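Chain and residue survey
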Amino acid sequence: MTPPFCNVALPVPLRATFTYAVPETLRGTVQPGSRVLVPFRKKAMVGVVVEMAESAPHGAKIRELTRILDFVPALTPKLIELSNWIAAYYLAPTGEVFRAMLPPVTELRSHRQIILTDAGRETVDSLSGGELSPGLTPEETAFLSRLKEKKGTLPLGPAARLGTNPSGLQRLRRRGLIELRETVQGRKPRTQRVIAWKGSRAAAEKLTQKEGQEKDNAETPLGNAQGRQSAQIVGREERVQELLETERGPLPLPQLLKLAQVTRAVVERMLRDGLLESWEEPIDPTEDPFDVGYSPPAHELNAEQESVLKAIRARFELGEFGVQLLHGVTGSGKTEVYLRAVQETLARGKTALLLVPEIALTLWIGRQCRSWFGARFEGVAVLHSALSDVERAREWWRVRNGDARVVVGTRSAVFAPLENVGLIIVDEEQENSFKQEETPRYHGRDVAIVRAKMEGALALLGSATPSMETYQHARNGKYELLTLASRVEDRALANVKVVDLREDFQHRHQASPISAALQAGIHECLANGTQALVLINRRGYSWSVLCRSCGSSVQCVNCSISMTHHKHRNRLECHYCGSIQQIPKQCPKCQSKYVYFFGEGSEHLEERLRKEFPGARIARLDRDTARTKRQYQETLGAFAGGALDILVGTQMLAKGHDFQRVTLVGVVSADSSLSLPDFRAAERTFQLLTQVAGRAGRGELKGAVLIQTFYPEHYAIQDAVKQDYTAFFERELHFRRMMAYPPFTSLANVIVRDTSLEKAIRWSRQLSEYFSPHDGESVRILGPATAPLARLKKEHRFQFLLKSPKRSVLTRVLTGAMAYCDAKEIPQSAVLVDMDALSLL
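Please read these numbers as outputs of a predicted model, since none were measured by experiment.

**Regarding the overall build of the chain**
Counting secondary structure elements, the chain contains 25 helices and 33 strands. A total of 841 residues make up the chain; the buried ones form 54% of that total. Of the contacts made within the chain by residues no fewer than 6 positions apart, 75% connect residues no fewer than 24 positions apart.

**Focus on the sheet that holds strand β29 (residues 704–709)**
Taking strand neighbours across the sheet as the criterion, the six strands line up as β19-β29-β28-β20-β27-β26 in an open arrangement whose pairing is parallel. At either end of the open sheet lies a strand with only one pairing partner, and these are β19 (495–500) and β26 (618–621). Between one strand and the next, the sheet's axes are offset by a mean angle of 15°, whatever the strand orientation. Where β26 meets strand β27 (residues 646–649), four bridges bridge the pair, whose relative direction is parallel. Bridging from a neighbouring strand, Ile618 pairs with Ile646 of β27.

**With respect to the sheet that holds strand β17 (residues 458–463)**
Spatially, β14-β15-β13-β16-β17-β12-β18 is the arrangement adopted by the seven strands of the open sheet, whose pairing is parallel. The strands lining the two open edges of the sheet, one partner per strand, are β14 (380–383) and β18 (480–484). Averaged over neighbouring strand pairs, the angle between their axes works out to 15° when direction is ignored. As paired strands, strand β12 (residues 322–328) and β18 are joined by five bridges and run parallel to one another. By the bridge assignment for β18, His327 is matched with Thr483. Lying on the sheet, helix α16 (residues 468–475) is in contact with β12, β17 and β18; it crosses β12 at an angle near 110°.

**Brief notes about helix α3 (residues 118–125)**
When we look at burial in α3, the residues that qualify are Gly120, Thr123 and Val124. Along the axis of α3, the buried residues cluster in a sector spanning 95°; they form a single face. Residues Asp118, Glu122 and Asp125 are exposed on α3 and point more than 90 degrees away from its buried face.

**Quick word on the packing of helix α1 (residues 77–89) against helix α15 (residues 444–455)**
It is at 10 Å that the axes of α1 and α15 come closest, and there the two elements cross at 135°. It follows from the interaxial angle that α1 and α15 lie oblique. Classified by chirality, the crossing of α15 by α1 is right-handed. The segment α1 lies against α15, with Lys78, Leu79, Glu81, Leu82, Trp85 and Ile86 engaging Val447, Val450, Arg451, Met454 and Glu455. Of the residues contributing to the contact of α1 with α15, the split by class is seven nonpolar, no polar and four charged.

**Observations concerning the nonpolar core**
Residues Leu767, Phe771, Leu802 and Leu814 are the most contacted members of the largest nonpolar core, which totals 111 residues. Per element, the largest residue contribution to this core is eight residues, and it comes from helix α25 (residues 807–823). Residues in contact with Phe771, not counting those within four places in the same chain, are Ile781, Phe800, Leu802, Val813, Leu814 and Ala817. Formed by 28 residues, the second largest nonpolar core is a distinct cluster that contains Val308, Phe316, Cys369 and Leu460.

**Section: the environment of Pro252**
The topology assignment puts Pro252 in strand β10 (residues 251–252). If near-sequence neighbours (up to four positions away) are discounted, Pro252 is found in contact with Gln192, Arg193 and Val194.

**Notes on the confidence of the model for the chain**
On average, residues of the chain score 84 in pLDDT, and 85% of them reach the 70 mark or higher. Across the chain, the element-wise mean pLDDT spans from 53 in helix α7 (residues 201–219) up to 97 in α15. The low-confidence segment residues 284–297 (pLDDT under 50) makes 41 contacts with residues lying over four places distant or belonging to another chain.

**Focus: the pairing of strand β32 (residues 795–804)**
The two faces of a sheet get side chains in turn, since along a regular strand they alternate between them. For β32, a buried count of eight out of ten residues is recorded, marking the element as mostly surrounded by other parts of the structure. Direction of pairing for strand β30 (residues 746–754) relative to β32: antiparallel, over a ladder of nine bridges. The residue bridging Val752 from the neighbouring strand is Phe798, located in β32. Two strands pair when backbone bridges link them, and strand β31 (residues 780–792) and β32 are joined in this way by seven bridges, in the antiparallel orientation. Residue pairing in the sheet places Arg791 in a bridge with His796 of β32. Taking the residues that link successive antiparallel strands as the turn, the β31-β32 hairpin has two residues, and the phi of Lys793 there is positive, at about 55°.

Scoring rules and cut-offs
Residues numbered from 1 in each chain as written. Predicted model: local features only at pLDDT ≥ 70, side-chain atom pairs only at ≥ 80, totals over all residues. Heavy atoms only, no water. Helix = DSSP H or I, 4+ residues; strand = E, 2+ residues; numbered from the N terminus. Buried < 20%, exposed > 50% of the residue type's maximum accessible area, 1.4 Å probe, protein only. Contact = heavy atoms within 4.5 Å. Pairing = 2+ DSSP bridges. Axes fitted to C-alpha atoms, helices over the stretch in contact; angles between N-to-C directions. Arc of directions from axis to C-beta. Parallel < 35°, antiparallel > 145°, perpendicular 65-115°, else oblique. Left-handed = near helix turned anticlockwise from the far one by under 90°. Nonpolar A, V, L, I, M, F, W, Y, C, P; charged D, E, K, R; others polar. Core = buried A, V, L, I, M, F, W, Y, C linked by side-chain atoms within 4.5 Å. pLDDT = per-residue confidence, 0-100.

Listed below in structure tokens is the structure:
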């Protein structure tokens, strides 16, 4: 008997589920993990069924759920178990955890199909005459027979007319006799025109004949000019033929025009002449339309890679949960190991998940997967936030239906509905972007490890600069440490040099983001025909706008932070709340006309480089220039293909990319993050400098790195120059032990916030009354104090910092704090709990 009630989690900031009655017509179809439409207050909301219930809370007014959205439960039992762990560990409302897990709810039509399985066919084949199958009703037996007559596949609508009901279908599914599939149908997919060489002997003879005619024309005096023009046309056509016939094969039209450097008219003429053929092809959301010929070079595994892969295979043989840390220097071939590990996983009949920290890296890894597994291999799905809602939903359901066995994605892809997971890879595991900065504030790496434990899978963490916590676990034996100490093909690490900006100013007597050494290095690159990468970890034109008279800066109206000057857009922007202001002509406080733009950002640096190297091909890659997947692809593809000489960018360029012709990397303002009020400042500086240094010298050409700094003696910079992770780890570990910071303690950041300063202060004092008795040896509580960002998005903010050597103690205290807030009627939305906080601002 199907329970008449269900508990539903809704995407609201409340740590509770809500009970609804299941209508008679829907009983048997509603299951844990299904999305349902329910009435909530005065509106309808989409929620997730957490569990079925035999009874409702006593005295409560129970409303009926409106309808079920998924015929197949959207979430697997393992994902529901994972969501419960996230809600408990990160003290997040269950409904908001589900919202982070699920694909976007879009106005899409679902195509629902019933498919007869092999077991179902065997059941039908074993019956003779009017015989009934054991355990099946006459209606269910007849339905299976009719389904076989319909070639084993039937849409749900016609299936309902064959004499079965939803609960009967679910019984057949549980017995493994049928499979229920749900696919997303959105707008008609976009198509692209693909061009191919016709390949016939007649086409080749026609082009040869044209070459002969142009040669004859060029030999007559009157035909010289016309002949030269015709020869140029033939040359362009030969370039197109070489690309399509020899080098690349069929190509999308925009890509062909870019690679062959011809106009559309040339291609249209060749189509009319019968030299080419074309057709329309749907655009795959996982394809890269600006693929400019990058293909990951195939390497024979060296001894270190073989040893690492052997250790991974040994873990697979055990068939149980484990965590391995792959610590490999930049350029050591970690990606090659990842792909072979995925291949091993697929060969064992399991699925694999590969997480990367940046959307840009999903494009590169996705390209390598297509190169490795074949361009037409349909088992790879890509999940990240740059996809449209329709694309994300379509990819998500491909995974849920088992059509994709490998998922590549960013942080949220850790919730991909894969089943039978055998391997979860987290590349660049130390990156802050794996930490969600809004509720639920989970860490993608840690959730990946917990999911691997639930699945009995292997979690493989990879990095050239592991986080302090991860490397400490590896040293203590909690994780297995695998090492790649040298680059592939024994290539040397880039030569790193520190440029002391104090000395540079003394010699040049001018402040410039481009030092004399960096200027000379770029000149050498341009002369040799190689490429340069210049990193500055601030976007915009200037950091802030200052008044030279009174010294005040132009602040955001919503946040206690300076506005950033964006010259191209001719405005000031807040990078926290997104507010916009016009550039002031005078100081808002003292009305002085002496307004000064202070500090350089990536936009400013690009402008300076264009002035100093007018003949160079320069582009910039940051959040301002690459707001869409297509813009990412265009810029990265152009640089990888040699169409650019210098690429300027923020930290998104520091990770994972494999640019073969980059011989110089310049780091501008390398020490800017050292001044932040954060105990992780040195670790982040070291990681960033080491990662960006790894972008140079990855091909056959030797590389050099120039690090510009005002603090060359700082140990984070000194160890980054030597690319000596172990030395940095030991020095930083001593500081962390002395100050009782992670990895020696667990850390939680609690923020009390409200638009009313009076309420924020009152609630902070009330919460302090709860925390005070707990402040002792087991838990150290700092605060309340004004947060470093005292005001953010119009809200005043006060901070508590909790440290404990035992995570369980910290969780118990914080759980009690949430209950205390409920008792004191402090709104749950006013108290933010960030467990394992990475940012203390």
